[in-house]
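# Commentary on secondary and tertiary structure
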Amino acid sequence: MLNGILSTSTGNGGLFSKQSILLLFFGTLLGYVVLPIIVVHTNSLISLGSIESKISSNGGDDQIRNLSNADLSGVMMRLIENKNLLATQSMPTHRSPTIMETVVLSDHRRKKILVTGGAGFVGSHLVDKLMMEGHEVTVVDNFFTGQKKNVAHWMHHPNFSLVVHDVTEPLTVEVDEIYHLACPASPPHYQFNPVKTIKTSTMGTLNMLGLAKRVKAKVLLTSTSEIYGDPQVHPQSETYWGNVNPIGPRSCYDEGKRVAETMMYSYRDQSEVNVRVARIFNTFGPRMHPNDGRVVSNFIIQALQEKPLTVYGEGDQTRSFQYVDDLVNGLHALMNGKYDGPVNLGNPDEFTMKEFAEYVKKITKSESQIRFLEKTQDDPSKRKPNISKAKEKLDWEPKVTVEEGLKKTIEYFAKVLEEAGEIIPTGPGASKPQN
Ligand code: NAD
Ligand code: UDP
Ligand code: UDP
């Protein structure tokens, strides 16, 4: 029969020789049977275990021949089941120990989504949500402040791809949506190499907009409350233009994001790119980098180790803290809604840093002292979002209280400390993340 097909298809003088057809046959066998078996081998150890023990207890090769058809079909069933599992579940790791089952979407519903900065703190939580919805997610990250382990649990999922790439370089992919997060976010990290920070916000955003224009993708920028600078209006609403020092230590980040916003709206108006801009207020949660030097991670790490909590200045400056799950839901609602103006995403629950230090001490039941250090330059004196726009346009508001969020984050950092031993929190000066 095979020869019959051969003779018709090679009738013109041997386009396919018998040897090449045999090669094709064995290649197909290798691709569709042997390789999948190798891929699922790890997951199949348990099911194969009983058969292996049968072989070894009887000793020798010829025992393999004694496996009954029932044994073999059992193995095959397990392999197929495991393969299906791999197509719908994440692989647990010791940092993300929960298996996450993903929805299987039909081709016309499954979107191709690019998340730049997807290996970072916020990005990795966003990736979890998009993956669980069943979309195809490509993470682009240069691992400056992000870590591979934040997305390691998705590494074997067929809907997930990781590209190590710097967004300041052009990127060619085909996608439907772009969540553009790539940019260091904590002051010590974005001040470590200010020129690079400004390149990331400007050239990086330009490249993502050029990409969005070419492939007609929707693009969302994670801007920041820092665009309001040291605000003279309180709380801050989207109509406020801000008060930013253009040449201070924070300006590489603040002005970078302001230019990025300008580019978003220029591409919308000039080239009809479908844009979304989120102005994110201070966000915290698991997977914050232990050395990112932000106030939430610093205070928790200090309190858990009974080290002094370091307050910069007199601690009268205020911040309002939102839990990461709320932010991710807000980003998702913004991307999927119709509104294309800038939207504040934050939790209006406002603390002075002195109050916040006491609060973290209370929740961690820590005996730590509070130590006052020198004030940092251009540190905004107050910050609190007006979120009426998000409520009105996205039907969004934060659901997780600061206390609930802190408890989850404390639990996370307690585990990190258990693994890492002592952690010396990052101080106020410019520094590189310690891996
Ligand atoms: P993060 O530092 O954990 O994540 C940023 C990610 O971007 C990291 O994975 C990093 O490696 C990657 N990255 C940096 N420069 C890059 C480059 N040139 N090319 C490719 N990848 C690059 O920070 P985060 O808290 O997750 O912040 C994510 C986004 O949200 C940032 O755009 C930040 O400005 C914005 N934001 C965050 C907060 C907050 O409180 N977390 C507040 C306001 C705005
Ligand atoms: N770009 C990219 N990927 C694409 C398309 C464009 O990275 O798929 C980059 C491109 O290299 C350029 C930027 O996006 O630096 C802006 O592109 P645009 O087409 O808007 O401007 P132009 O190339 O005409 O300057
Ligand atoms: N801060 C502090 N101690 C720390 C880290 C930060 O008192 O160990 C202060 C910092 O000066 C700022 C506030 O906490 O007033 C929030 O700092 P963070 O770096 O978390 O974010 P941002 O300044 O970007 O809002």
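That block above? That's the structure.
Remember, it's a predicted structure, so these values are computed and weren't measured experimentally. (Residues numbered from 1 in each chain as written. Chains lettered and ligands numbered in written order. Predicted model: local features only at pLDDT ≥ 70, side-chain atom pairs only at ≥ 80, totals over all residues. Heavy atoms only, no water.)

## Overview of the site of ligand 3
Around ligand 3, a shell composed of 17 residues is seen, among which Val295, Thr310, Arg319, Asp379 and Arg383 lie nearest. Contact between ligand 3 and Val295: an oxygen atom at 2.8 Å from a main-chain N or O atom of the residue. Contact distances for ligand 3 include 2.5 Å between an oxygen atom and a side-chain N or O atom of Asp379. For ligand 3, the accessible surface in isolation is 510 Å², of which the surrounding protein chains cover 95%. Breaking the shell around ligand 3 down by element, the ones donating at least two residues are helix 10 (295-304) and strand 8 (309-312). Taken together, the residues that form the shell around ligand 3 break down as six nonpolar, five polar and six charged. (Near = heavy atom within 4 Å. Polar contact = N/O pair within 3.5 Å; in protein donor to acceptor, adjacent residues only side chain to side chain. Areas by Shrake-Rupley, 256 points an atom, 1.4 Å probe, with all protein chains shown as cover. Helix = DSSP H or I, 4+ residues; strand = E, 2+ residues; numbered from the N terminus. Nonpolar A, V, L, I, M, F, W, Y, C, P; charged D, E, K, R; others polar.)

## Let's talk about the pairing of strand 5 (residues 218-224)
Regular strands show a simple pattern: their side chains alternate between the two faces of the sheet. Among the seven residues that make up strand 5, seven are buried, leaving the element largely enclosed by the rest of the structure. Across the two faces of strand 5 the burial is the same, with Lys218, Leu220, Thr222 and Thr224 and Val219, Leu221 and Ser223 all buried. Relative to strand 5, strand 4 (residues 177-180) runs parallel, the two being bridged by four bridges. Counterpart to Tyr179 in the pairing with strand 5 is Leu220. Where strand 5 lies against strand 6 (residues 275-280), six bridges are found, and the strand directions are parallel. Directly across from Val219, in strand 6, lies its bridge partner Val275. (Buried < 20%, exposed > 50% of the residue type's maximum accessible area, 1.4 Å probe, protein only. Pairing = 2+ DSSP bridges.)

## A look at the sheet that holds strand 1 (residues 112-116)
With respect to topology, seven strands assemble into an open sheet ordered 3-2-1-4-5-6-11, the strand pairing being parallel. Looking at the sheet topology across the chains shown, the edges are occupied by strand 3 (160-164) and strand 11 (342-345). The sheet shows a mean angle of 20 degrees between the axes of neighbouring strands, taken without regard to direction. Both strand 6 and strand 11 contribute to a ladder of four bridges, which runs parallel. Considered in strand 11, the bridge of Ile280 is made with Leu345. (Axes fitted to C-alpha atoms, helices over the stretch in contact; angles between N-to-C directions.)

## Structural notes on the site of ligand 2
Surrounding ligand 2, one finds Pro170, Leu171, Leu206, Asn207, Gly210, Leu211, Lys213, Arg214 and Tyr267. Within the side chain of Asn207, an N or O atom sits 3.2 Å from an oxygen atom of ligand 2. Within the side chain of Lys213, a nitrogen or oxygen atom sits 3.0 Å from an oxygen atom of ligand 2. Compared with its free state, where it exposes 510 Å², ligand 2 has 60% of that area covered by protein. The element that contributes the greatest number of residues to the shell around ligand 2 is helix 8 (residues 194-215), accounting for six residues.

## Examining the nonpolar core
Formed by 58 residues in total, the largest nonpolar core has its most connected members in Val115, Val127, Tyr179, Leu331, Leu345, Phe356 and Leu406. Among the elements that line this core, the one with the most residues is helix 14 (residues 402-420), at seven residues. Every residue in contact with Leu345, bar those within four places of it in the chain, is listed here: Ala278, Arg279, Ile280, Phe281, Gln322, Leu327, Gly330, Leu331, Ala390, Leu394 and Trp396. With 23 residues, the next largest nonpolar core counts Val140, Leu171, Ala212 and Tyr267 among its residues. (Core = buried A, V, L, I, M, F, W, Y, C linked by side-chain atoms within 4.5 Å. Contact = heavy atoms within 4.5 Å.)

## Side note on the environment of Ser106
Relative to the elements of secondary structure, Ser106 occurs in the loop between helix 5 (69-88) and strand 1. Relative accessible area serves as the criterion here: at 34%, Ser106 is assigned to the partly exposed category. Considering only alpha carbons, one finds Ser106 and Gly134, 28 residues apart in sequence, at a separation of 9.1 Å.

## Re the packing of aromatic side chains
Any two aromatic rings considered together are summarised by their centre-to-centre distance and by the angle between their planes. All told, the structure shown has 11 aromatic pairs when counted by the stated rule. Look at Tyr228 and Phe281: their rings are 6.2 Å apart centre to centre, the planes differ by 40 degrees, and that puts the pair in the tilted class. With Tyr228 in the loop between strand 5 and helix 9 (251-271) and Phe281 in the loop between strand 6 and strand 7 (283-284), this residue pair connects regions lying 53 residues apart in the sequence. For the residue pair Tyr228 and Phe281, the accessibility class agrees, reading buried in each case. Ring centres 6.3 Å apart and planes at 45 degrees place the aromatic pair Phe321 and Phe351 in the tilted group. Of the two residues, Phe321 sits in the loop between strand 9 (318-320) and strand 10 (322-323) while Phe351 sits in strand 12 (residues 350-352), which places them 30 residues apart along the sequence. With respect to class, Phe321 is no different from Phe351; both count as buried. (Phe/Tyr/Trp six-rings, centres within 6.5 Å; stacked < 30°, edge-to-face > 60°.)

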